[in-house]
Amino acid sequence: MKHLIDPTDLTRQETDEIVALAQDIIANRAKYSEVCKGKKLATLFYEPSTRTRLSFTAAMMELGGNVLGFSDANSSSVSKGETVEDTVRVVGCFADIIAMRHHIEGAPLAATNVSRVPIINAGDGSHAHPTQTLTDLLTITRELGHLDNLTIGFCGDLRFGRTVHSLIKALSRYENVKIVLIAPDELRLPDYIKHDICDRNGMEYCEVTSIEEVMGELDILYMTRVQKERFLDEEEFDRVKDCFVLDAEKMALAKEKMAVLHPLPRVNEILKEVDADPRAAYFRQVENGKFVRMALICRLLEWANDDSKQNKGHDVVENADLACPNRKCICNCENVDKKFHLAEGGIYRCLYCDTKARQ
Ligand code: NCD
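Residues numbered from 1 in each chain as written. Predicted model: local features only at pLDDT ≥ 70, side-chain atom pairs only at ≥ 80, totals over all residues. Heavy atoms only, no water.

A. Looking closely at the packing of aromatic side chains. Summed over all chains, the structure comprises five aromatic pairs. Consider the rings of Phe154 and Tyr222, whose centres lie 5.4 Å apart with planes at 50°: the pair is tilted. Residue Phe154 is located in strand S5 (residues 150-155), and its partner Tyr222 is located in strand S8 (residues 220-223); the two are separated by 68 residues in the primary sequence. Comparing Phe154 with Tyr222, the two get one shared label, buried. Each ring, one from Phe160 and one from Phe231, has its centre 5.1 Å from the other, and the planes form 65°; the classification is edge-to-face. (Phe/Tyr/Trp six-rings, centres within 6.5 Å; stacked < 30°, edge-to-face > 60°. Helix = DSSP H or I, 4+ residues; strand = E, 2+ residues; numbered from the N terminus. Buried < 20%, exposed > 50% of the residue type's maximum accessible area, 1.4 Å probe, protein only.)

B. Examining the pairing of strand S1 (residues 40-45) more closely. Buried residues dominate S1, accounting for five of its six residues. On the question of chirality, the crossover connecting S1 to the parallel strand S2 (residues 66-70) by way of helix H2 (residues 51-62) is right-handed. (Right-handed = clockwise from strand over helix to strand, strands pointing away.)

C. Up close: the environment of Ser49. By secondary structure assignment, the location of Ser49 is in the loop between S1 and H2. For the pair Ser49 and Asp72, spaced 23 residues apart in sequence, the C-alpha separation works out to 9.8 Å. Here the side chain of Ser49 touches Thr52 through a polar contact of 3.5 Å, landing on its backbone nitrogen. Of the polar contacts made by the side chain of Ser49, one reaches the backbone nitrogen of Arg53; its length is 3.1 Å. (Polar contact = N/O pair within 3.5 Å; in protein donor to acceptor, adjacent residues only side chain to side chain.)

D. Seen up close, the environment of Arg142. With respect to the helices and strands, the residue Arg142 is situated in helix H5 (residues 130-144). For Arg142, a relative accessible area of 42% translates into the label partly exposed. Arg142 sits 13 residues away from Cys155 along the chain, and the two C-alpha atoms are 21 Å apart. Not counting residues up to four positions away in its chain, the partners in contact with Arg142 are Gln23, Ile26 and Asn288. (Contact = heavy atoms within 4.5 Å.)

E. Here's a closer look at H5. Helix length check: H5, at 15 residues, gives a terminal C-alpha distance of 21 Å against a target of 21 Å (1.5 Å per residue), a fit within 8%. Of all 15 residues in H5, 13 are buried; the element is thus mostly enclosed. (Expected span 1.5 Å × (residues − 1).)

Structure below.
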C-alpha cells in the first residue's frame, strides 16, 4: 500500500505515469466511468476548501465511485476531542481511501501510522500539498509540452505557500529546471527547501524582489496568494499583503509561449484584466486537478493490495533529547510518537513538519 503525503512519496516514474494516465482519462472519459464502482472515498476536511474538496468529490463520481466525509470538523467527533489517529481508524472501516486536509502540519502523516486504507494529503498547514503538485505538473505538461528545461518563477508567499514547497520538491527531479524566487523578505522560501531540496539536487535558484526584472526569462509564472490565516502577527500581514500584483503591463514583458499558474483562490495578486490573456492558465489548471485526482485515486486503489508499493523509508531517529519547536505540528498537538530524521548538513528535522529540531 502506498499513501501520498509528500510529493516524493511517488517516484518520478510513478509521477509521470499518473500525469500520463490523467491525459488518457481526458482523451477517453467514457472508458473510466465505472472503474471505481463500489468504492468509497472519504474526504476529511478540517480546514476550509472549495476547489480541492469538490475536485476530489467530482473525480470519484466520474470514476463511478461514492464519496462520504465532512467539510467542517466541528460537525464531527473531532469537536469532542477525537484524535486524528482514532478518526482515521474509524473512517477506514467505511471507506476504501481517504483524502485529508488539516490546518495542523503532519496530521496526514500521523494518520498513516494507523490507517489500513491509503491516505492522501490534501494540504497540511503551510507544509505540503502533493495533489496540487500533480495538478501543476499536468498543467505545465499540457501548456508547454515538457517538464524538463524550464525556468519557473514563484511569486508571492513562498514562506507559507504549501503548493510552492511541494511543486519545488517535485520539479527538483527533472532536468535543467531553474527556479526564480520572487518574494519580499518576510515571505522567503524556508531554508529547508533551499538546502535539502535545491542544493542537494543541484537545482539552480535565485532570489529577486520584482517580477519585471525576470518576467522575460520565465516559461512559467506561478503566482500565489499571501496566506493571511497563517500569520501570527496582523501587522506583518498588512505590510506584505499587496506585495506583488500581476497586470497586463507586466504580461507584456513575458515570452509569447509561457503560462501563468495559480493554485487559487486569488485575492488581489492577479488583476482580472489578465484573465483574457491566452497565457493565463489558472482556470484550465482547476480542471486538470480533477483529472489528475481521478488518475491518482485509480493508482492508489490498485496499489492498496500491492506489497511492493510502499512509501519511501525514512531513517527515523527517536531521540528523547530532540524536540519539534513548531506549535502547529501534530507532534505538539496530539499524542503521537515523536519522530525525527537526519537531513542535509547533519541537522535533525521533525518527520511530521520538517522543522529543525531543538536539541
Ligand atoms: C491552495 C491551498 O489550499 O494551499 N489552494 C488549493 O488547494 N487550490 C492555495 C491557497 O489556499 O492559497
